Amino acid sequence: QVQLVESGGGLVQPGGSLRLSCAASGNIFSINVMGWYRQAPGKQRDLVATITSGGFTNYADSVRGRFTISRDNAKNMVYLQMNGLKPEDTAVYYCLLENGPSVERSAYWGQGTQVTVSS
């Protein structure tokens, strides 16, 4: 059983920064992928960034160069440092854990944290 809890969302002005955190607990496989997706009102949930247990990262084109994903394997935590925020970044951000090797992987989601970029 796995649980993910996000934190760090809030209101920020355009150009500002925010750091999201996600803590995973439960039966976490050593081989896994953690990441962030976001969903704006009326939109589908889209990938923001992912990072494997080996440190390989992947970013959506819209955030590459502005956002940085990182993780702490010992703590089973993943972070998203968001710089140069834009109004279009406004969304609910969800933490993802894909638990285990890709052939035998289970996906888990957090409840989400609201990020609002507005002046």
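In case you missed it, the structure is sitting above this.
Residues numbered from 1 in each chain as written. Predicted model: local features only at pLDDT ≥ 70, side-chain atom pairs only at ≥ 80, totals over all residues. Heavy atoms only, no water.

### Digging into the sheet that holds strand E8 (residues 77–82)
Within the open sheet, the 4 strands sit side by side as E1-E3-E8-E7. Their pairing is antiparallel. At either end of the open sheet lies a strand with only one pairing partner, and these are strand E1 (2–7) and strand E7 (67–72). Within the sheet, the average angular offset between the axes of one strand and its neighbour, ignoring direction, is 15 degrees. Sheet analysis places strand E3 (residues 18–26) next to E8, joined by 6 bridges and oriented antiparallel. Bridge pairing in E8 links Ser21 to Tyr79. (Pairing = 2+ DSSP bridges. Helix = DSSP H or I, 4+ residues; strand = E, 2+ residues; numbered from the N terminus. Axes fitted to C-alpha atoms, helices over the stretch in contact; angles between N-to-C directions.)

### Here we look at the side chain of Glu6
The topology assignment puts Glu6 in strand E1. In this structure, Glu6 is buried with no salt-bridge partner, the nearest side chain bearing the opposite charge being Arg45 at 7.3 Å. Only 2.9 Å separates the side chain of Glu6 from the backbone nitrogen of Gly112, close enough to count as a polar contact. Other than its neighbours up to four places away in sequence, Glu6 contacts Ser21, Cys22, Trp36, Tyr93, Tyr94, Cys95, Gly110, Gln111, Gly112 and Thr113. (Buried < 20%, exposed > 50% of the residue type's maximum accessible area, 1.4 Å probe, protein only. Lys, Arg positive; Asp, Glu negative; His and termini not counted. Salt bridge = Lys/Arg side-chain N within 4 Å of Asp/Glu carboxyl O. Polar contact = N/O pair within 3.5 Å; in protein donor to acceptor, adjacent residues only side chain to side chain. Contact = heavy atoms within 4.5 Å.)

### With respect to the pairing of E7
The alternating pattern of E7 places Phe67, Ile69 and Arg71 on a buried face, while none of Thr68, Ser70 and Asp72, on the opposite face, is buried. With 6 bridges joining them, E7 and E8 adopt antiparallel strand pairing. The partner of Ser70 across the bridge, within E8, is Tyr79.

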